[in-house]
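What follows is each chain in one-letter form.
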Protein chains: 2
Amino acid sequence: MSDLESINRYLRESQPSHLSQLEDLLRIPSVSADPKSKPAVQQAAECVRNTLEKAGLRAEILPTAGPPLVYAESPPVPGKPVALVYGHYDVQPPDPLDKWISPPFEPTIRNGNIYARGATDDKGQALTHVFGAAAWAATGQPLPLQVKFLIEGEEEVGSEQLEKMLPSLAKKLAADVVVISDSSQYAQGQPAITYGLRGIAYFELRLHGPKHDLHSGSFGGAVHNPAIALAKLLASIVDDDGRIQLPGFYDNVQSLSEAERGMWHGLNFDDQAFASQIGVPQLKGERGFTTLERRWARPTFDVHGLMGGYQGEGGKTIIPAWAGAKISFRLVPNQQPAEVTKQFRQFLDQHQPTGVRVELIELHGGSGVVVDPQSPYVAAAQLALATAFGKSAVLIREGGSIPIVAQMVQHLKADVLLLGWGLDDDGAHSPNEKFHLADYYRGIHASSHLWHHLAQVSRS
Amino acid sequence: MSDLESINRYLRESQPSHLSQLEDLLRIPSVSADPKSKPAVQQAAECVRNTLEKAGLRAEILPTAGPPLVYAESPPVPGKPVALVYGHYDVQPPDPLDKWISPPFEPTIRNGNIYARGATDDKGQALTHVFGAAAWAATGQPLPLQVKFLIEGEEEVGSEQLEKMLPSLAKKLAADVVVISDSSQYAQGQPAITYGLRGIAYFELRLHGPKHDLHSGSFGGAVHNPAIALAKLLASIVDDDGRIQLPGFYDNVQSLSEAERGMWHGLNFDDQAFASQIGVPQLKGERGFTTLERRWARPTFDVHGLMGGYQGEGGKTIIPAWAGAKISFRLVPNQQPAEVTKQFRQFLDQHQPTGVRVELIELHGGSGVVVDPQSPYVAAAQLALATAFGKSAVLIREGGSIPIVAQMVQHLKADVLLLGWGLDDDGAHSPNEKFHLADYYRGIHASSHLWHHLAQVSRS
């Protein structure tokens, strides 16, 4: 019989230690998108491996052609399900740096939150499960089921190495349920179990014009300005109703069931409060869908960055030699990134601008996923979350992408539990990213109980 | 009687000195758009003043609230016209720096060209007249008419100070003809007299969305992406036929006369050669006009730079908090920048995007100008150019803007002579800006003779 009471007591006493270990990891600038951060990425992997070892697990670093994977496991428990925790130790780039109140890699506590790049996405959330598992060894109890950990280092740039290695790792990673905390609660204090994620197809689009910048006075009117050609091309990708214009783009989009629409309607999402939280006068998106439907279950197109020409102070009168954009399509089940890439190339062929050359660079992609919200693992998670948060979790989807999740579902034939401890306003990819410390501790608490409840599930 | 032969001889012998004085001026990074270059701008003014003094002129620096003006004059010659040379010692920003073969402020000679920022625009061209005037004193001859010099330091950012001071300087600057070399020959070895310039209205346009960057997964579909809103706004400013959509934009555009169209048709402009010179597969512009007409006598819209969001390596999945563009309209007689600014604000009001805030920053503006190609000053210049270049000049317009020219025409009631010694491929606002040394020396030669021929014109 598990002694959950002594675990609860142990966790309360361990909060200072759990905080300082999180701070140690947050100090490492493991930005996977930046080649200059390679040593920091390696250092973060070693820090995670050490933390897993201190938790009483057998931990190792698996080298890849890119950032290493960190793997750990507890002993097998015959007859019980196997759980695999997935997380990532890499982080988004911290820019714009001048918008941070405290430096991104100097974790700072203000108003009960810890501020640092990676606080919520995903260093803080990943560590909750490490400490949730550690609590069992620390209280002299073997984990009631085998728990495996796979913490990778390039989730923010598309998990290329892990995706390549998944088939060969399938035996090592074999599990009945994959547990991931890399998303949000539905609202502060209202826990959620996420049963769907969107996919993504991410590109850089570059339009090349004259061989060098031209004087816009002497040449203006003679040549197609690549920045204008880019604006027209980007503008034509999505219409004013928010419908994406790629040929066949909506053919495989899984429709929303009436049951889902009803369930989400019951969440009483407040558009106006949401708009004022993020600081816009009004929301906007695909016509005919609610805000939650658009964020969770509809594909979207976004521009992440615009580049080209003069960006300094004052004016410079040039026709730039090139202009570019970082762009992505968020995909929903059953859209495939490869298929959308093909549709996009077809669209670009059909919209080839005069007098400029179009270059499309494929940066990364991943499929969306939806799992069964009625599974026994979800029921087990409900019990753990109710104890830690004092409230039943709601069932939601998440608009973000964890592209490797769909791959793991496919290769491991495992069920998935997405347990978000974060908040919508954590600023996951923004300056001043934070993680509410109370949520950090609640996440550890919920994780420690999760192993108990998962161990009760009969293996299917 | 002027002794032009001894001037010719003197100029041939002085080429090494004229080159080294140009190099001295080119070494000074007088970038008027960059506040950090203020000391260099001051240094360039002093260098120009010293060069004018060495040319035997009475020179002085006129302080302004911005970069100083440099003024000089030779003694009055009763009964003869007065010529005012206008030029500028400030230069465009040198970026992108990595595209320069030799550093922008280390003048370097390759293939008979001198490479440096400002070589052609306008340090080299302005100096031709200083040395053209100096040749008279050096050969013991008084200049046959009074020549004044006004060399300013913020032409590249809109001549704000000079524009403000023109009314109070009108008496000092009083002249019958303003001589400006800040443009190009029609082709290598084919001199041109330019009788028209376009105007400009330059802006920065910024679209503000959420109060900070948002995760494009969690938020994509909920809010208007400012970069997409910007793309749509920019795309809507000009249609696929190259027609600008601002209300009333074409109302005051001066039409091209049949005589002008015929004259330019006679220049046998080669679209294909021009396209391959600048490295584009084909030209593009307003439908219904030839390339020369579009460059010289039709208004245009250009985007000079795109800004906002993530521009680093790899991918970052954000909805940027804002996106912006540096843009301008090139204007033709009789469009006024203030009027076009009003039309643009009206256009933006009519096209206000949902859920984002539009900010328009006015950077600078100036009117276009056209002068009489049949004036006696043009005839005098024809004689000087024919001697120096061994060929009659053609009459052209120029698509670029020297906004202060229209102001000078208005305040001084003077005629204007635009004598370009540069070449179309000099890269005036691009990396690897150059000035062909043979053209530099021909320009000095032409200038020295110009004073002789202008002195023959009866004052009107």
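The model shown is predicted, which means the values in this text are computed figures rather than measured ones. (Residues numbered from 1 in each chain as written. Chains lettered and ligands numbered in written order. Predicted model: local features only at pLDDT ≥ 70, side-chain atom pairs only at ≥ 80, totals over all residues.)

Some remarks on the overall build of chain A
From N to C terminus, chain A includes 14 helices and 18 strands. Its C-alpha atoms give chain A principal-axis dimensions of about 80 × 50 × 45 Å. Out of the 460 residues belonging to chain A, those deemed buried represent 58%. Taking contacts inside chain A between residues at least 6 apart in sequence as the whole, the part at least 24 apart equals 80%. (Helix = DSSP H or I, 4+ residues; strand = E, 2+ residues; numbered from the N terminus. Buried ≥ 20, exposed ≤ 12 C-beta atoms within 10 Å, placed from the backbone. Contact = placed C-beta atoms within 7 Å.)

Describing the domain arrangement of chain A
Residues and elements named next belong to chain A. In terms of domain boundaries, chain A breaks down into domain 1 (4-198 + 368-454) and domain 2 (199-253 + 299-366). In this structure, domain 1 and domain 2 have C-alpha centres spaced 35 Å apart. Among the elements of the structure, strand 15 (369-370) and helix 13 (403-412) are those that each provide at least two residues to the side of domain 1 that touches domain 2. Of the residues forming the side of domain 1 that touches domain 2, the biggest block, three residues, is contributed by helix 13. Its residues placed into classes, the side of domain 1 that touches domain 2 shows six nonpolar, four polar and two charged. (Domains from an automatic or database assignment. Nonpolar A, V, L, I, M, F, W, Y, C, P; charged D, E, K, R; others polar.)

Digging into the relation of the copies chain B and chain A
Placing chain B over chain A gives an RMSD of 0.1 Å and needs a rotation angle of 180 degrees, together with 0.1 Å of translation along the axis. The superposition of one copy onto the other is thereby described by a two-fold rotation axis. By C-alpha distance to the rotation axis, the residue of chain B lying nearest is A231(B), at 2.1 Å. Looking at chain B, 100% of its interface residues are interface residues in chain A too, so the copies touch through the same face. (Least-squares fit on C-alpha atoms with pLDDT ≥ 70 in both.)

Some details on the environment of A40(A)
Residues and elements named next belong to chain A. Considering the arrangement of structural elements, one finds A40 in helix 3 (residues 38-54). Residue classification places A40 among the partly exposed positions, given that 19 C-beta atoms sit within 10 Å. C-alpha of A40 to C-alpha of Q382: the two residues are 342 residues apart in sequence and 37 Å apart in space. Beyond its immediate stretch of four places on either side in the chain, A40 contacts I28, P29 and S30.

Quick look at the sheet that holds strand 14 (residues 357-366) of chain B
Residue and element names in this part refer to chain B. As summarised here, the arrangement of the four strands in space is 11-13-9-14, forming an open sheet in which the pairing is antiparallel. A strand with exactly one partner marks an edge of an open sheet, and here the two such strands are strand 11 (300-307) and strand 14. Direction aside, neighbouring strands of the sheet carry axes that sit 20 degrees apart on average. Bridging between strand 9 (residues 199-208) and strand 14 involves nine bridges; their strand directions are antiparallel. Its bridge partner lying in strand 14, F203 is registered against E362. Relative to strand 14, helix 13 (residues 403-412) is tilted by about 55 degrees, and along the sheet it contacts strand 9 and strand 14. (Pairing = 2+ DSSP bridges. Axes fitted to C-alpha atoms, helices over the stretch in contact; angles between N-to-C directions.)

Quick notes on helix 5 (residues 160-173) of chain A
All names here are of chain A. Helix length check: helix 5, at 14 residues, gives a terminal C-alpha distance of 17 Å against a target of 20 Å (1.5 Å per residue), a shortfall beyond 12%. Helix geometry: helix 5 is bent most strongly at P167, by close to 70 degrees. Residues L162, E163 and L173 constitute the buried set of helix 5. Structurally, helix 5 contributes buried residues whose contacts are with strand 2 (69-73), strand 3 (82-88), strand 6 (146-152) and helix 13. (Expected span 1.5 Å × (residues − 1). Bend = angle between axes of the 7 residues up to and from the residue.)

A short note on the interface of chain B and chain A
Between chain B and chain A, the residue contacts involve 85 residues of the former and 85 residues of the latter. Elements represented by at least two residues in the side of chain B that touches chain A include exactly strand 10 (214-215), helix 6 (216-219), helix 7 (226-237), helix 10 (291-296), strand 11, strand 12 (318-319), strand 13 (322-331) and strand 14 of chain B. Among the elements that take part in the side of chain B that touches chain A, strand 11 of chain B stands out by supplying seven residues, more than any other. Classifying every residue of the side of chain B that touches chain A gives 31 nonpolar, 35 polar and 19 charged.

A few points about the environment of A381(B)
All names here are of chain B. Position of A381 among the secondary structure elements: in helix 12 (residues 376-389). Under the C-beta neighbour-count criterion, A381 is labelled buried, with 24 such atoms within 10 Å. The sequence separation of A381 and L233 amounts to 148 residues, and the corresponding C-alpha distance is 46 Å.

Topic: the packing of helix 7 (residues 226-237) of chain A against helix 7 of chain B
Put simply, helix 7 of chain A and helix 7 of chain B touch, their axes get as near as 8 Å, and they point 115 degrees apart. As for the relative orientation of helix 7 of chain A and helix 7 of chain B, their crossing is left-handed in sense. Each of I228(A), A231(A), K232(A), L234(A) and A235(A) in helix 7 of chain A lies in contact with helix 7 of chain B, whose residues at this interface are I228(B), A231(B), K232(B), L234(B) and A235(B). When its residues are assigned to classes, the contact of helix 7 of chain A with helix 7 of chain B shows eight nonpolar, no polar and two charged. (Left-handed = near helix turned anticlockwise from the far one by under 90°.)

Examining the pairing of strand 17 (residues 415-419) of chain A
All names here are of chain A. Most of strand 17 sits inside the fold, with five of its five residues counted as buried. As judged from the four bridges shared by strand 7 (residues 177-180) and strand 17, these two strands associate in the parallel manner. Opposite I180, over in strand 17, you have L418 as the bridge partner. Where strand 8 (residues 192-197) meets strand 17, two bridges bridge the pair, whose relative direction is antiparallel. By the bridge assignment for strand 17, I193 is matched with L419.

A closer look at the sheet that holds strand 11 (residues 300-307) of chain A
Hydrogen bonding along the main chain pairs the strands of a sheet, whether they run parallel or antiparallel. All names here are of chain A. Reading across the sheet, the four strands line up as 11-13-9-14 and stay open at both edges, with antiparallel pairing between neighbours. Edge positions in the open sheet fall to strand 11 and strand 14 (357-366), since each of these has one partner strand only. Going across the sheet, the axis of each strand differs from the next one's by a mean of 20 degrees, ignoring polarity. Summarising the sheet, strand 9 (residues 199-208) and strand 13 (residues 322-331) pair through ten bridges and their orientation is antiparallel. Counterpart to H208 in the pairing with strand 13 is W322. Contacts between helix 13 and the sheet are confined to strand 9 and strand 14, with strand 14 contributing the most and set at about 55 degrees to the helix.

Considerations on the packing of helix 1 (residues 4-13) of chain A against helix 14 (residues 437-454) of chain A
Residues and elements named next belong to chain A. Close contact between helix 1 and helix 14 brings their axes to 10 Å; oriented N to C, the two are set at 160 degrees. The angle between the axes of helix 1 and helix 14 places the two elements in the roughly antiparallel class. Here helix 1 and helix 14 pass one another in a crossing that is right-handed. Facing helix 1, whose interface residues are L4, I7 and L11, helix 14 presents I444, H445, S448, H449 and H452. For the contact of helix 1 with helix 14, the per-class residue count stands at four nonpolar, four polar and no charged. (Parallel < 35°, antiparallel > 145°, perpendicular 65-115°, else oblique.)

Let's talk about the pairing of strand 11 of chain A
All names here are of chain A. The element strand 11 is largely enclosed, with a buried count of eight among its eight residues. For strand 11 and strand 13, the ladder comprises seven bridges, and the chain directions are antiparallel. Each residue of the ladder has a partner; that of G305, found in strand 13, is K326.

Some thoughts on unusual backbone geometry
Geometrically, the link from D95(A) to P96(A) is a cis peptide bond, its omega value of 0 degrees lying close to zero. Looking at the secondary structure, you find P96(A) in the loop between strand 3 and strand 4 (108-110). Phi at N432(A) takes a positive value of approximately 60 degrees, unusual for a residue other than glycine. Structurally, the position occupied by N432(A) is in the loop between strand 17 and strand 18 (434-436). The partly exposed category is assigned to N432(A), around which 19 C-beta atoms lie within 10 Å. Residue S159(B) is not a glycine yet carries a positive backbone phi of 55 degrees. Checked against the element boundaries, S159(B) lands in the loop between strand 6 (146-152) and helix 5 (160-173). For S159(B), a count of 28 C-beta atoms within 10 Å translates into the label buried.

Here we look at the environment of L197(A)
All names here are of chain A. Of note, L197 is situated in strand 8. Residue classification places L197 among the buried residues on the basis of 32 C-beta atoms within 10 Å. Sequence separation between L197 and W296 is 99 residues, and the spatial gap between their C-alpha atoms is 7.2 Å. Those residues in contact with L197, other than ones at most four positions away along the chain, are G368, V369, E398, G400, S401, I402 and V405.

Digging into the confidence of the model for chain A
Looking at chain A, the pLDDT average stands at 95 and 100% of residues meet or exceed 70. Among the prediction metrics, the complex's ipTM stands at 0.85, with pTM recorded as 0.85. (pLDDT = per-residue confidence, 0-100.)

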